[in-house]
Number of protein chains: 2
Amino acid sequence: MLKHFTDTDIEELNRVFRLNLMNSITGYKPAALIGTKSKSGQTNVAIFSSIVHLGSNPGLIGFIMRPTTVPRNTYSNILETRAFTINHVHEDFIEQAHYSSAKFDSDISEFDACNLKDEYLNDFWAPYVADSQLKIGLELEDTIDIKANGTILVIGKVKEIHIEDSCIQENGRLKLEKLKTVAISGLNKYNKVSELAEFPYARVSEVPEFK
Amino acid sequence: MLKHFTDTDIEELNRVFRLNLMNSITGYKPAALIGTKSKSGQTNVAIFSSIVHLGSNPGLIGFIMRPTTVPRNTYSNILETRAFTINHVHEDFIEQAHYSSAKFDSDISEFDACNLKDEYLNDFWAPYVADSQLKIGLELEDTIDIKANGTILVIGKVKEIHIEDSCIQENGRLKLEKLKTVAISGLNKYNKVSELAEFPYARVSEVPEFK
């Protein structure tokens, strides 16, 4: 049976209940570690579930930042160096990835605290996560203030990509299940994903007759 | 082995390969049908994979719109009526959901063409997808132009939620796998999701000793 939450019900919910509910209703989310390094060399890595595809040519990717909360160093490092990396989270390091969201002191690198090895590839400034099999190097393109609640949309331009080649299919499609990339739900659930079906590009003339 | 795509490699990729690759590298994405209705009563429903959580109090959800492409009616209906719905896509109607992305003539409702039954709840203006077990009614809060590539971030405020109550856990967490909500990868792959692990809120004092 469908439970109905009205506007008033939502306002009157317990804070934690509403936080969990609002973070769960948007469905499955990507699990990515964002790696950065300050000008002085301090590295930072933090988990994000708000990565969103913005465009393919040029490749543009956005994510949502809450500047007043964790992970605060990610944003200042990006503004300072204009570089960051996005690294897929796979099944074998979900726990390390999750704990990167703890509010460590700013002189502690989450790479050390969470035993996530950093890696530098192709002279890119920001660190990659060594164990990740899909990693993207991005250059800051823009930041957009979201007036509605003070969050920020950070936009990066894809500068380079490193992908385990056995997952790359003809035509550039990826078999992410080969990488055991996970999906997040809510604030703290990590999920296994397996392919169900693939459909062709949807043309009006080829729409099946649904009954 | 990791395959490395440089900036130049990416620029020189075949258009379709780059399109698929860029749509795949961001990982798993939510699968949602957005329902709208024009002032004159024409309904529209279209699949989106760019839904992103923006905030919990108030509940704010964003999605990315390409105004010059499919599905063009969604945006004009939202601007006209300030109302839209977000409906989870479950395993049993992925094919109908997928074909809602075809460029139907604007006088054809995808609800009819794809055999997705519309439903009106609680006097909310925009139609819900009857078969969806998690549906959200939203009011337009803001639209933000993304200068980098002409896309638009559409932001809605959560006005009401309808959820199958057997998936609601204590504390507002949801067992989305009970609903058989799917995740999208790339442009056209639909994936089954199952829970792997759940971790507590990450406090520095409680971070495990990783080896």
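A few points on the structure.

The rules behind the values
- Residues numbered from 1 in each chain as written.
- Chains lettered and ligands numbered in written order.
- Predicted model: local features only at pLDDT ≥ 70, side-chain atom pairs only at ≥ 80, totals over all residues.
- Heavy atoms only, no water.
- Least-squares fit on C-alpha atoms with pLDDT ≥ 70 in both.
- Contact = heavy atoms within 4.5 Å.
- Buried area = accessible area lost by both parts, 1.4 Å probe.
- Salt bridge = Lys/Arg side-chain N within 4 Å of Asp/Glu carboxyl O.
- Polar contact = N/O pair within 3.5 Å; in protein donor to acceptor, adjacent residues only side chain to side chain.
- Pairing = 2+ DSSP bridges.
- Helix = DSSP H or I, 4+ residues; strand = E, 2+ residues; numbered from the N terminus.

As a further point, take the relation of the copies chain A and chain B. The operation relating chain A to chain B is a screw motion whose rotation component is 180°, with 0.0 Å of axial translation and a residual RMSD of 0.0 Å. Such a turn and shift between the copies fits a two-fold axis. In terms of proximity to the rotation axis, the leading residue of chain A is A:V193, whose C-alpha is 2.3 Å off the axis. Both copies contact each other with a shared surface, as 100% of the interface residues of chain A are interface residues in chain B too.

Every contact between the two is made by 106 residues of chain A and, on the other side, 106 residues of chain B. Here chain A packs against chain B, burying approximately 9800 Å² in sum over the two surfaces, 64% of which is carbon and sulfur. There are four salt bridges connecting chain A and chain B. Across the pair A:D7 and B:K159 runs a salt bridge, and its minimum N-O distance is 2.8 Å. Here chain A and chain B share 44 residue pairs in polar contact (both at pLDDT 80 or more) between them. One ladder, built from four bridges, connects strand β11 (residues 151-164) of chain A with strand β1 (residues 2-5) of chain B; its direction is antiparallel. Note that in β1(B) the partner of A:H162 across the bridge is B:H4.

The next subject is the pattern of salt bridges. For side chains of opposite charge, pairing can occur when their charged atoms come near one another. Applying the stated criterion to the full structure yields 15 salt bridges over all chains. A salt bridge links A:K175 to A:E195, with the nearest nitrogen and oxygen atoms 3.3 Å apart. With A:K175 in the loop between β11 and α6 (176-179) and A:E195 in strand β13 (residues 189-198), this pair connects stretches of sequence that are 20 residues apart. One salt bridge connects B:E198 with B:R173, and the closest N-O pair in it is separated by 2.7 Å. Taken as a pair, B:E198 in strand β13 (residues 189-198) and B:R173 in the loop between β11 (151-164) and α6 (176-179) lie far apart in primary sequence, 25 residues in all.

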